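So the chains spell out like this:
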Amino acid sequence: MQTSVQLTGLTHRFGELTVLEGINLLVRPGEVVGVVGPSGCGKSTLLELVCGLLEPASGHVAVGGAGAAADRLAGSAYMPQRDLLLPWLAAIDNAALAPRNRGASREAARQQALPLFNRFGLADFAAARPAELSGGMRQRVAFLRTLLAGKPVLLLDEPFASLDAITRGEMQEWLSEALRAEARTCLFVTHDVEEALYLCDRVVVLSARPGRVVAELDSPTARAKDRTAALTAPAFVALRERALVALRDGSRAGASP
Amino acid sequence: MRRVLLPVLALVGLFGTWEVLARSGALADLMNLNDTAGTVLVPAPSHVAESLWEDRGLLSEHGWVTLQEILAGFALAVVIGVAFAIAMHLSETIRRAFYPLAVASQTIPIPAIAPVLVIWLGFGIGPKLAVITLICFFPITVNTLDGLRGVDPAATRMMRTLDAGRVTMLRRLELPMALPHFFSGAKIAIALAAIGAVFGEFVSADEGLGHIIRQAQAQLLTARVFAAVAVLSTFAVGLFALLSMLERRLAWWGPGARGR
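The rules we used
- Residues numbered from 1 in each chain as written.
- Chains lettered and ligands numbered in written order.
- Predicted model: local features only at pLDDT ≥ 70, side-chain atom pairs only at ≥ 80, totals over all residues.
- Helix = DSSP H or I, 4+ residues; strand = E, 2+ residues; numbered from the N terminus.
- Buried ≥ 20, exposed ≤ 12 C-beta atoms within 10 Å, placed from the backbone.
- Pairing = 2+ DSSP bridges.
- Axes fitted to C-alpha atoms, helices over the stretch in contact; angles between N-to-C directions.
- Contact = placed C-beta atoms within 7 Å.
- Core = buried A, V, L, I, M, F, W, Y, C linked by C-beta atoms within 7 Å.
- Domains from an automatic or database assignment.

*Asks:* Can you help me understand the overall build of chain B in this one?
*Replies:* Within chain B, the secondary structure is distributed over 11 helices and 0 strands. Judged by the C-alpha coordinates and their principal axes, chain B covers about 80 × 50 × 30 Å. Counting across all 260 residues of chain B, residues that qualify as buried make up 38%.

*Asks:* How should the sheet that holds strand β1 (residues 5-14) of chain A be read in this particular structure?
*Replies:* One key point about sheets: their strands pair by backbone hydrogen bonds, in either a parallel or an antiparallel sense. All names here are of chain A. As summarised here, the arrangement of the 3 strands in space is β2-β1-β4, forming an open sheet in which the pairing is antiparallel. Taken across any chain shown, the strands that pair with only one partner, and hence form the sheet edges, are β2 (17-27) and β4 (58-63). Neighbour-to-neighbour, the strand axes of this sheet turn through a mean angle of 25 degrees, independent of strand direction. Here 7 bridges tie β1 to β2, and the two strands are oriented antiparallel to one another. Its bridge partner lying in β2, Arg-13 is registered against Thr-18. Of the strands in this sheet, β1, β2 and β4 touch helix α1 (residues 43-50), which is tilted by about 120 degrees from β1.

*Asks:* Explain the nonpolar core to me, please; I cannot follow it from the model alone.
*Replies:* Generally speaking, nonpolar side chains in soluble globular proteins are found buried as a group. Core analysis: the largest hydrophobic core is formed by 133 residues, its most contacted members being A:Leu155, A:Leu187 and A:Phe188. The element best represented in this core is helix α9 (residues 166-204) of chain B, accounting for 15 residues. Built from parts of two domains, this core gets at least three residues from each of domain 1 (5-18 + 27-85 + 153-255) and domain 2 (86-132) of chain A. Residues in contact with A:Phe188, not counting those within four places in the same chain, are A:Val32, A:Val33, A:Gly34, A:Val35, A:Leu156, A:Ala196, A:Leu199 and A:Cys200.

Here it is, written out as structure tokens:
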């Protein structure tokens, strides 16, 4: 399932407040693109625009070439920052939410989810309630829930922001492996430059509000098997510095209108 | 242990003091009531216990009538209250139009309209159900609606991209999320239902605990009044406990089910 996401001259306002301005971005089929930027620069709004929950004030959004809100909604799945697992459902039923929503029986939905649980090392946790799972485990289940929506485009909204540093590192490795196995077109929003450069093929840096694209960087070591080696390679470190400088300059630029 | 011991100690302390003060006549003196002709105007807890035993036939017969009214009225209030909450949640128009009216309905003085209800609904169970439902639906509606409206917007967004339609969203996300809130409202309502039943019976009954209380008052049988109230309180406490148990089973993830 390979679908592109295209944003052209995208501008969005909430009343008087312009949150995104003139965004041009093409996410190629199967590409993982990171979006970093200071708080309040409209990163999350960008995802809502892509998945058809918001309509842009001006400009154009398309998922797989289709611009209608219903088509965008049909083509993309959203993973929120907090896992938002439903506490009354077992992990596997949480993951199988999309098939259930589409009318599958509980058994049929579980049958769809089970292979993924086995493949991603969650088989032992299928029956566990969310309250019994660690933060990292909960995010894994939340990611499988997003995958099981069966949509070609995944929109990840700071999925690891609430995890501690060690768990976050583990989750980055896990996600990079998952994306190697299940290639999808991804928009990955984060405020962590290092995380973006490790997980994404390309990273877009947004300025402070109104968010504009101030830099686009290609990552040489996207989803490398050896995370530690990738993160300490001189090329990666240099790129991270460039991204941080762009982020800092972008924050200043946004602050003075 | 402390859970049982503390309320028991409080109860023993309170009733012990009351017993001593009432038996010694101190309470009657305080109120300028001199017990004469064997009539106990200020009963001690032991008088009430005596009445509970001696009038057990009367109290159980009429208590059963009141309990049925409480259960039926509460059930009706749950159905109406939840339906109303869902309607107000789904339609902004309905909410804006009817929420103020729902609030206003709670300012109706029940003793004022109870006789009118009797005129409309007759002397049967009708007016009692109407009174109970009128005061019980409100906490259920308000709490359930708060629960429905309090669902995390990020969860709603997520469910929409997971192909949930309006009905699916309500069934899979919003109603379960509102369940602990519903129980908060229902627990308030069940205590109100007991009061409502007696209010209804005051006006138009020849049976029920309210009827017993009114009769006993007229005959200055104060111990029996307290005995009937004790039965009523037992109903309310028992039903409250039942609801709490149900909450722990059905909404075990909610705040009301934790810890206690």
